[in-house]
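Here are the chains, one letter per residue:
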Amino acid sequence: KSNTLGNRRQIVSQRQTQVGMQPLEMSCSNLMRCDTTSAKQTRAASDMLLPMMEVCCEGEVWSVDASSDGTTLLTGASTGKTIVWDFRSGCPVQTMKCMGGVRSVDLSYSGRLAVTADTSGKASIWRVKDGELVQAFECGSPVRSIEISSDSASLAYGCESGLAVVCDATTGRAACRVDCGTLVYSIDLSGDQKLLATGDQHKQAKLWDVLRGECLRTIVCGHNVFSVKLSVDQTLLATGDAMSKAKVWETDTGRLLQTMDCGGWVH
């Protein structure tokens, strides 16, 4: 393992030198992140994407998120550990321990708060600077997906029970609670907190009116929908599914605009 890692470091260092980049020290791999500039440089040199950073996590890494300023990485693993990493050094800054495996993590826009969803059925809010638990909510069943709003005022989460919830991040009081009828793999809350997207085990993506709790549109995707993401202007919805497809849909009409084959399950 040590020799393999050493060879990888040497190869990466050589390739980075070829494209005019400084060699970057790395630790053993479970995940990677590439920025646009380095990706373009590396494609020109060797038609390969090289990692900017690799960090070693215990267990399987189920979820990752990066801060808006690009200085912090957040990972959630099957061991129940959520780790805050310094992006420049690749070193862990804080470790938070959840009761169950961490299915989903999200960093607030300010980078001050981290939220986690785990298999014990808890949605938790943590303070990044010291790793302290700020708030925890019992969700009734394992939570598959979680998101904190841009103003850190609301939480949205989806459960294996089929419930998708938008609640107050301080009190836990539900502003919207909808039943998708089956396991919810993924959720996404719009920037204005008025539209909620869900992806489920019934091979459907749904758009919900948060204020009224009504389903505005159901999009049949053909396979389990593991991931959903709304565009900033809410006109587009991206889905990732169990048939290795990433798709882009028009939210107003449900019309399929684009299909991309990713070669594996799209989470």
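Placed above this text is the structure.
Predicted model only: the values in this text are computed from it and were never measured. (Residues numbered from 1 in each chain as written. Predicted model: local features only at pLDDT ≥ 70, side-chain atom pairs only at ≥ 80, totals over all residues. Heavy atoms only, no water.)

### Some details on the overall build of the protein chain
Let me state the cut-off plainly: We count a stretch as a helix when DSSP gives it H or I for four or more residues in a row; a strand needs E for two or more, and each element gets its number in order from the N terminus. Under the scheme applied here, a residue whose accessible area is under 20% of the maximum for its type counts as buried, over 50% as exposed, and between as partly exposed, the area being computed with a 1.4 Å probe on protein chains only. For accessible areas, the Shrake-Rupley method is used with a probe of radius 1.4 Å. Any residue's cover is judged against the shown protein chains and nothing else.
Along the backbone of the protein chain there are two helices and 20 strands. Looking at the 267 residues of the protein chain, the share that counts as buried comes to 45%. When the accessible surface of the protein chain is totalled, it reaches about 13,300 Å², and 49% of it is carbon and sulfur.

### Comments concerning the sheet that holds strand S16 (residues 214-220)
In plain terms, the rule: Note on pairing: two strands pair once DSSP finds at least 2 bridges between them. Simply put, an axis is a line fit to the C-alpha atoms, just over the touching stretch for a helix, and the angle between two N-to-C directions goes from 0 to 180 degrees.
Taken together, four strands build an open sheet; the order of strands is S13-S14-S15-S16 and the sheet is antiparallel. Across the chains shown, the open sheet's two edge strands, defined by having one partner strand only, are strand S13 (184-189) and S16. Direction aside, the axes of adjacent strands within the sheet are offset by 20 degrees on average. As judged from the five bridges shared by strand S14 (residues 195-200) and strand S15 (residues 204-209), these two strands associate in the antiparallel manner. Considered in S15, the bridge of Ala 197 is made with Leu 207.

### A word on the layout of surface pockets
Over the atoms rolls a probe the size of a water molecule, and its path tells where empty space is left. Rules: Cavities and pockets are defined on a 1 Å grid built over the protein atoms alone: a cavity is a set of grid points where a 1.4 Å probe fits but cannot escape, while a pocket is an open set with protein on both sides within 12 Å along at least five of seven lines, and lining residues are those with an atom within 4 Å of any such point. Grid points are joined across faces, edges and corners, and a volume is the space filled by probe spheres set on the points. The nonpolar class holds Ala, Val, Leu, Ile, Met, Phe, Trp, Tyr, Cys and Pro. Asp, Glu, Lys and Arg form the charged class, and all remaining residues, Gly among them, are polar.
Reported here for the largest pocket is a volume of approximately 1,300 Å³. Ser 145, Ile 146, Ile 187, Val 228 and Lys 229 are, among the 45 residues lining the largest pocket, the residues nearest its centre. Secondary-structure elements contributing two or more residues to the lining of the largest pocket are strand S1 (61-66), strand S5 (102-107), strand S9 (143-148), S13, strand S17 (225-230) and strand S18 (236-241). Among the elements that make up the lining of the largest pocket, the one with the highest residue count is S1 (six residues). Its residues assigned to classes, the lining of the largest pocket shows 18 nonpolar, 18 polar and nine charged.

### Remarks on unusual backbone geometry
Note: most peptide bonds trans; most residues except glycine with negative phi. If you check the backbone angles, Gln 193 has positive phi at about 65 degrees while not being a glycine. Structurally, Gln 193 can be placed in the loop between S13 and S14. For Ser 244, which is not a glycine, the phi torsion comes out positive at approximately 70 degrees. Turning to its location among the elements, Ser 244 is positioned in the loop between S18 and strand S19 (245-250).

### Digging into the packing of aromatic side chains
Quick note on the threshold: Pairs were defined over the aromatic rings of Phe, Tyr and Trp, the Trp ring being its six-membered one, requiring ring centres within 6.5 Å. Orientation was assigned from the angle between planes: stacked under 30 degrees, edge-to-face over 60, tilted for the rest. Whether a charge sits over a ring depends on NZ of Lys or CZ of Arg being within 6 Å of the ring centre and within 35 degrees of the ring normal.
On inspection of all chains with the given rule, the structure shows two aromatic pairs. Summarising the aromatic geometry, the rings of Tyr 185 and Phe 226 are spaced 4.8 Å apart at their centres and angled 90 degrees between planes, so their arrangement reads as edge-to-face. You can see Tyr 185 sitting in strand S13 and its partner Phe 226 sitting in strand S17, a full 41 residues away along the chain. As far as the burial class goes, Tyr 185 and Phe 226 line up, both buried. Both rings, one in Phe 226 and one in Trp 265, keep their centres 5.4 Å apart while their planes meet at 55 degrees; by these two values the pair is tilted. Of this pair, Phe 226 sits in strand S17 while Trp 265 sits in the segment after strand S20 (256-261), and the two are 39 residues apart along the sequence. Among the aromatic residues, those joined into a ring-pair cluster are Tyr 185, Phe 226 and Trp 265. Across from the ring centre of Trp 62, 4.0 Å away, lies the NZ or CZ of Arg 103, which sits over that ring.

### Focus: the sheet that holds strand S6 (residues 113-118)
Ordered in space as S5-S6-S7-S8, the four strands form an open sheet in which the pairing is antiparallel. Looking at strand neighbours, the two that pair on one side only are S5 and strand S8 (133-138), the edges of this open sheet. Going from strand to strand, the sheet's axes swing by 15 degrees on average, the running direction of each strand aside. Bridge analysis of strand S7 (residues 122-127) against S8 gives five bridges, and the strand direction is antiparallel. Within S8, the residue paired with Trp 126 across the bridge is Leu 133.

### Some remarks on the pairing of S14
Look at any regular strand and the pattern is simple: side chains alternate between the two faces of the sheet. Across the six residues that make up S14, a large majority, six, are buried. Side chains Leu 195, Ala 197 and Gly 199 of S14 all project onto a buried face; the interleaved residues Leu 196, Thr 198 and Asp 200 project onto the opposite face, where all are buried too. Once S13 ends, the chain turns through five residues before running back antiparallel as S14, passing Gln 193 with a positive phi of about 65 degrees. In this antiparallel pair of consecutive strands, S14 and S15, the connection spans three residues, and Lys 203 shows a positive phi of 65 degrees.

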